[in-house]
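The residues making up each chain are set out below.
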Amino acid sequence: MLYKHWTEVGGITHTHSTYATAWAQSQRDIPIFGTTHADHLTTDIPCASPMDDQMIMGNYEYETGFQIINHFDEHKLDYKEVEMVLVGNHAPFTWGKTGAKSVYNSAVLETVAQMALLTEQINAKAPRLKDALIKKHYERKHGGASYYGQE
């Protein structure tokens with residue numbers, strides 16, 4: 001379903017990795033607390049609502065694709081900028097222009113999920129990363145004048 005609707009996706013990865021799945025089961029977005037997260041995204045990692053009963057009783061895998069697409073549409077997210085999602089009560093899905101990029105995004109998601117959990121355990125009132133740092137870290141790797149790191 002994602003390949004059909006999101007034409008620039010060349011690979012999709014679905015895991016049940018420990019930390020990202022725990023966030024999905026908690027039905028929470030992963031807040032953008034630090035620069036590792038901002039190196040890859042400018043937003044919290046979204047968590048789609050759990051699937052409703054009608055969707056569960058239908059073609060489950062097909063409906064999971066719609067669950068993700070609908071969440072992105074409802075929250076005005078661009079799948080080309082946010083290449084990962086948590087599916088509430090389920091687990092993470094990532095994608096990219098290639099299969100290798102989707103696997104890379106899964107590793108990033110799991111690392112950021114673990115860091116976010118530890119951040120909240122250390123400081124339950126930890127603030128989100130400042131907008132200026134989000135912009136700096138993202139644009140130095142992805143902006144028109146990117147200069148940091150290698151892809």
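As shown above, the structure is provided for reference.
Every value quoted in this text rests on a predicted model; they were computed, and no experiment measured them.

Draft legend 1. Structural context of the side chain of E83. Tracing the backbone through its elements, the reader meets E83 in the loop between α5 (60-74) and β3 (84-87). Polar side-chain contacts of E83 include one of 2.8 Å to the side chain of N105. Contacts of E83, omitting those with residues within four sequence positions, involve L41, F93, T94, W95, G96, K97, K101 and N105.

Draft legend 2. Region of interest: the packing of helix α2 (residues 18-26) against helix α6 (residues 99-122). Interhelical geometry of α2 versus α6 gives an angle of 65° and a closest axis separation of 7 Å. Seen along the crossing, α2 lies across α6 with a hand that is left-handed. Residue-level inspection shows T18, Y19, A20 and W23 of α2 in contact with α6, the latter providing L109, E110, A113, Q114, A116, L117 and E120. Residue classes in the contact of α2 with α6 are distributed as seven nonpolar, two polar and two charged.

Draft legend 3. Representation of α5 in the model. The first and last C-alpha atoms of α5 sit 20 Å apart over 15 residues, in line with the 21 Å expected at 1.5 Å per residue. Of all the positions in α5, only E63, T64, G65, Q67, I68, I69, H71 and F72 are classed as buried. Residues of α5 that are buried make contact with α1 (2-5), β2 (47-48), α4 (53-57), β3 and β4 (92-96). Residue K76 follows α5 closely and has a positive phi angle near 50°.

Draft legend 4. Structural context of the sheet that holds β2. Reading across from one edge, β1-β4-β3-β2 is the order of the four strands in this open sheet, with mixed pairing throughout. Only two strands of the sheet have a single neighbouring strand rather than two, namely β1 (11-14) and β2. Bridge count between β3 and β4: three bridges; the pairing is antiparallel. Bridge assignment links L86 to a residue of β4, and that residue is P92. Against the sheet, α5 makes contact with β2, β3 and β4, and its axis sits at roughly 115° relative to β3, the strand it touches most. Relative to β4, α6 is tilted by about 140°, and along the sheet it contacts β1, β3 and β4.

Draft legend 5. Broad picture of the pairing of β3. Burial along β3 is two-sided: M84 and L86 and V85 and V87, pointing in opposite directions, are all buried. Relative to β3, β2 is paired through two bridges, and the arrangement is parallel. Among the inter-strand pairings, A48 is bridged to a residue of β3, identified as V87. If you look at the hairpin formed by β3 and β4, you'll find four residues sitting between the two strands, and N89 has a positive phi there, around 65°.

Draft legend 6. Broad picture of the side chain of R140. With respect to the element layout, R140 can be found in helix α7 (residues 131-142). Residue classification places R140 among the buried residues on the basis of a relative accessible area of 15%. A polar side-chain atom of R140 sits 3.3 Å from a polar atom in the side chain of H137.

Draft legend 7. Inspection of the pattern of salt bridges at higher detail. Tallying each qualifying case throughout the model produces five salt bridges. A salt bridge links D39 to K141, with the nearest nitrogen and oxygen atoms 3.6 Å apart. Placement of the pair is D39 in the loop between α3 (35-38) and β2 and K141 in helix α7, with a sequence separation of 102 residues. Accessibility expressed as a relative area gives 23% for K141, which makes it partly exposed. The structure contains a network of salt bridges with shared partners spanning D39, R140 and K141.

Reading guide: rules and limits
- Residues numbered from 1 in each chain as written.
- Predicted model: local features only at pLDDT ≥ 70, side-chain atom pairs only at ≥ 80, totals over all residues.
- Heavy atoms only, no water.
- Helix = DSSP H or I, 4+ residues; strand = E, 2+ residues; numbered from the N terminus.
- Polar contact = N/O pair within 3.5 Å; in protein donor to acceptor, adjacent residues only side chain to side chain.
- Contact = heavy atoms within 4.5 Å.
- Axes fitted to C-alpha atoms, helices over the stretch in contact; angles between N-to-C directions.
- Left-handed = near helix turned anticlockwise from the far one by under 90°.
- Nonpolar A, V, L, I, M, F, W, Y, C, P; charged D, E, K, R; others polar.
- Expected span 1.5 Å × (residues − 1).
- Buried < 20%, exposed > 50% of the residue type's maximum accessible area, 1.4 Å probe, protein only.
- Pairing = 2+ DSSP bridges.
- Salt bridge = Lys/Arg side-chain N within 4 Å of Asp/Glu carboxyl O.

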